[in-house]
Amino acid sequence: MFKKFMRKYGYYMVAIALILVVGITAGLTGNDNETKPEISTPTGSTAIEMVCPMNSPEVLKWYSDTDLFYNSTLKQWESHKAVDLSSSVNADVYAVLDGTVTDCSYSYEHGYCITVSHSDGLATTYCSLAQATNIKEGDEVKKGQKIGEASNTASNESLEGNHLHFSVSLNGKSVDPSNYITFENK
Ligand SMILES: [Zn+2]
């Protein structure tokens, strides 16, 4: 019975199997082609050249999303998704890339903050700024343009004195500013 069936339909079975194999292979190749651009997309850490947000700053605290730093102001250990750059009194703070100001805010913890959105999913935030600034939401800013002055308005880091708390996000996720800017501690 089975032999008879195979003799009659065997070729069809083989043909169907071949079509399936070819189809699956083509499907896989097709998927490969679709995912290739994503894989080859650069993570964006090397092609973008930011300027330093301050002139020759000293790094008081580096970025960390895993290691804990001791916050002497709050007397607790915490991660620090930014770099803290020290300044002389009221040192100028510059936009690191062209962009649009998307947020100007004040909070007790972070002081006066400005967030600038750039191309390629990047945004930068500048905190512990002095209050006086002529920058407002919606402003277009140029790379290297002064947007504020570093101060001591962030109460959760007040023992660091006048400084800029500078953070970078890529597609909404915080990343190490050192990926884009070389900070040289003297
Ligand atoms: Zn900080």
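Now for a quick tour of the structure. (Residues numbered from 1 in each chain as written. Predicted model: local features only at pLDDT ≥ 70, side-chain atom pairs only at ≥ 80, totals over all residues. Heavy atoms only, no water.)

**Quick notes on the nonpolar core**
Alright, step 1. If you look at the biggest cluster of nonpolar residues, it comprises 29 residues, and the most contacted ones within it are Met50, Val93, Tyr126, Ile147, Leu164, Phe166 and Tyr180.
Alright, step 2. Among the elements of the structure, β4 (83–86), β7 (111–117), β8 (122–129) and β11 (163–170) are those that each provide at least two residues to this core. (Core = buried A, V, L, I, M, F, W, Y, C linked by side-chain atoms within 4.5 Å. Buried < 20%, exposed > 50% of the residue type's maximum accessible area, 1.4 Å probe, protein only. Helix = DSSP H or I, 4+ residues; strand = E, 2+ residues; numbered from the N terminus.)

**Focus: the pairing of strand β2 (residues 64–71)**
Alright, step 1. Of the strand pairs in this sheet, β2 and strand β3 (residues 76–80) are connected by four bridges, and their pairing is antiparallel. Looking across to β3, one finds that asparagine 71 is bridged to glutamine 76.
Alright, step 2. Between β2 and the antiparallel strand that follows it, β3, lie four residues; lysine 75 among them carries a positive phi value of about 55 degrees. (Pairing = 2+ DSSP bridges.)

**Let's talk about the layout of surface pockets**
Alright, step 1. Of the volumes computed, that of the largest pocket is approximately 200 Å³.
Alright, step 2. Lining the largest pocket we find 14 residues, and of these Lys81, Ala82, His110, His165 and Ser167 sit closest to its centre.
Alright, step 3. Broken down by secondary-structure element, the contributors of at least two residues to the lining of the largest pocket are β3, β8 and β11.
Alright, step 4. A breakdown of the residues in the lining of the largest pocket according to their chemical character gives two nonpolar, nine polar and three charged. (1 Å grid on protein atoms, 1.4 Å probe; cavity = no way out; pocket = protein on both sides within 12 Å on 5 of 7 lines; lining within 4 Å. Points joined across faces, edges and corners; volume = space filled by probe spheres on them. Nonpolar A, V, L, I, M, F, W, Y, C, P; charged D, E, K, R; others polar.)

**Looking at the coordination of the zinc ion**
Alright, step 1. Protein ligation of the zinc ion involves His80 (NE2), Asp84 (OD), Asp84 (OD), Glu157 (OE), Glu157 (OE) and His165 (ND1), the donor distances falling in the range 2.0 to 2.5 Å.
Alright, step 2. For the zinc ion, the six donor atoms are set out with angles of 56 to 150 degrees between them, so the coordination reads as irregular. (Donors = N, O, S within 2.8 Å, 3.2 Å for Na, K, Ca; no water. Tetrahedral: all angles 85-135°; square planar, octahedral: opposite > 155°, others 65-115°.)

**Regarding the side chain of serine 64**
Alright, step 1. When you line up the elements, serine 64 lands in strand β2.
Alright, step 2. Not counting residues within four places of it along the chain, the set of residues in contact with serine 64 comprises Phe69, Ser79, His80 and Lys81. (Contact = heavy atoms within 4.5 Å.)

**Some details on the pattern of salt bridges**
Side chains that carry opposite charge are capable of pairing whenever their charged atoms lie near each other.
Alright, step 1. Under the criterion given, the structure shown has six salt bridges.
Alright, step 2. A salt bridge links glutamate 157 to lysine 61; its shortest N-O distance comes to 4.0 Å. Here the residue glutamate 157 occupies a position in the loop between β10 (146–149) and β11, and lysine 61 occupies one in strand β1 (residues 58–61), the gap between them amounting to 96 residues.
Alright, step 3. Here lysine 146 and aspartate 92 are joined by a salt bridge, their closest N and O atoms 3.1 Å apart. Placement of lysine 146 in strand β10 and of aspartate 92 in strand β5 (residues 92–94) is noted, with a sequence separation of 54 residues between them. (Salt bridge = Lys/Arg side-chain N within 4 Å of Asp/Glu carboxyl O.)

**Describing unusual backbone geometry**
Alright, step 1. One non-glycine residue, serine 56, adopts positive backbone phi at about 40 degrees.
Alright, step 2. Among the secondary structure elements, serine 56 is positioned in the loop between α1 (2–40) and β1.
Alright, step 3. A positive phi angle, near 65 degrees, is found at serine 128, a position not held by glycine.
Alright, step 4. Its location among the elements puts serine 128 in strand β8.
Alright, step 5. Relative accessible area serves as the criterion here: at 0%, serine 128 is assigned to the buried category.

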